[in-house]
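Coordinate inspection notes
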Amino acid sequence: MATSAVARETVFALRRQIAKIEGTLPERLQVPAGAPVDAPRNPTADVTPKNITPKNLTIVRRGLAVAPPDALLRTGAEGLDTALGGGLPKAALSEIHGAATRDAGAVAGFALSLVSLILKQGPRLPVLWIGTAEIFREAGFPYAIGLHRLFGIEPEQLLFSEAPRLLDALWTAEEAARMTALAAVILEIRGSPQRLDLTATRRLHARAQSAGRPVFLLRQAGEPEPTAAPVRLVLSAAPSAPRETIAGPLAGSIGRPAFTVNIGKSRTALPGQFTLEWNPDECSFEERRAGERRQEPAANPVPVVSASRRGKDPAPASGAVLAFAAVGSPAAGDQPSPGERAAHRRPRRAG
């Protein structure tokens, strides 16, 4: 009997180690209240080893994960939180995916909404946003005044790191993910680069688990690929409802920001779609129910950008581009003296 018990403990420890390496375990979860530690989890499971305490015990079942309430970030939308098993994991890597480049604004807005929820619950630590130069050239930077008005985030709380290469951005994200001085880390990636593989996301997920801080991986116009993130949400913009007034909805107005959220991947939830509205006054999400009155986009019978064609009055050709001469510079046609020649135009010296 003693040999059998030791063998069970060894097999269980090996299974846990393999699961951690493969990234199949969510963050460390507590045993539910009232559940005996020494009882088997299912009829075919091995008996829990005696030397494992409830504090560091992780229970994972197929399609079910039991976690304490403080381990999850509740969005406030009951439908989405229920589908995710209580909310998004705090100490984990979460992927927020935008199918097209035009969805970059919705993805960024949803990530900032999650950051606002995190800052409401704990100390208002800074947030680091990491991306390559092409990311910020394509999608731009968040507007400082809008950060405070829509999300309650002070501009000085959001730090940006622009990396020249994807490899540098991944290294910065790994180093930042282990820091407890940050409330969250945002890594924005464009496309489906080869370096963003399963190994890279496992490292980010492990650092987030160790520090107990969330890492949000924002994907722009990329294909869904295997990652170590326990949850992948696919985001797109939804039509906003009209602005509410005392007299009722104001026709033709634009109300709160709205998002269409699809659960693309989850270890504990089934796929589903939800429409959330962000309340900037309360800094919380509200789920839009089916059948609620909302403002549909107006039908446009013509293309947004019409095709180029010759008209009756074509635009005149652009003139020559002229550069204004600097103060004290030589007149047009004069050659600068050797001393006035720009440094970058001087011939290189060999040796």
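These lines cover the structure that appears in this document, whether it is placed above or below. Since the model is a prediction, treat every value here as computed from it, not as a measurement.

**A closer look at the sheet that holds strand β7 (residues 158-163)**
Ordered by their spatial adjacency, 9 strands build an open sheet running β7-β6-β8-β9-β5-β10-β13-β14-β15, and the pairing between neighbours is mixed. Looking at the sheet topology across the chains shown, the edges are occupied by β7 and β15 (284-287). Strand-to-strand twist in this sheet, taken as the mean axis angle between neighbours without regard to direction, amounts to 30°. Here 5 bridges tie strand β5 (residues 93-98) to strand β10 (residues 231-237), and the two strands are oriented parallel to one another. If you follow Ser-94 over to β10, its bridge partner there is Val-231. Sheet contacts for helix α6 (residues 166-177): β6 (127-132), β7, β8 (184-190) and β9 (215-220); angle to β6, the most-contacted strand, approximately 165°.

**Focus: unusual backbone geometry**
With a phi close to 50°, Ala-221 is a non-glycine residue in the positive phi region. For Ala-221, the location among the structural elements is in the loop between β9 and β10. For Ala-221, a relative accessible area of 31% gives the class partly exposed. A positive phi angle is found at Cys-283, which is not glycine, with a value near 55°.

**Regarding the pattern of salt bridges**
According to the stated counting rule, one finds 8 salt bridges in the structure shown. Across the pair Glu-174 and Arg-203 runs a salt bridge, and its minimum N-O distance is 3.0 Å. Residue Glu-174 is found in helix α6, and its partner Arg-203 is found in helix α7 (residues 198-211); the two are separated by 29 residues along the sequence. The class of Arg-203 is partly exposed, set by a relative accessible area of 40%. Among the ionic pairs, Glu-286 bridges to Arg-256, the shortest N-O distance being 2.9 Å. Taken together, the residues span a long stretch of sequence, with Glu-286 in strand β15 and Arg-256 in the loop between β12 (248-250) and β13 (258-266) at a distance of 30 residues. Using a relative accessible area of 33% as the deciding quantity, one classes Glu-286 as partly exposed. Residue Arg-256 is classed as partly exposed on the basis of its relative accessible area of 32%.

**A closer look at the packing of aromatic side chains**
In the structure shown here, the tally under the stated rule is 9 aromatic pairs. Seen from their ring centres, Phe-136 and Phe-141 are 4.4 Å apart, and the 10° between their planes marks the pair as stacked. Geometrically, the ring pair formed by Trp-278 and Phe-285 is edge-to-face, given 4.9 Å between the ring centres and 65° between the ring planes. Given a relative accessible area of 0%, Trp-278 falls into the buried group. Here the aromatic cluster, defined as three or more aromatic residues joined through ring pairs, consists of Phe-110, Phe-151, Phe-259, Trp-278 and Phe-285.

Quick notes on the rules
Residues numbered from 1 in each chain as written. Predicted model: local features only at pLDDT ≥ 70, side-chain atom pairs only at ≥ 80, totals over all residues. Heavy atoms only, no water. Pairing = 2+ DSSP bridges. Helix = DSSP H or I, 4+ residues; strand = E, 2+ residues; numbered from the N terminus. Axes fitted to C-alpha atoms, helices over the stretch in contact; angles between N-to-C directions. Contact = heavy atoms within 4.5 Å. Buried < 20%, exposed > 50% of the residue type's maximum accessible area, 1.4 Å probe, protein only. Salt bridge = Lys/Arg side-chain N within 4 Å of Asp/Glu carboxyl O. Phe/Tyr/Trp six-rings, centres within 6.5 Å; stacked < 30°, edge-to-face > 60°.

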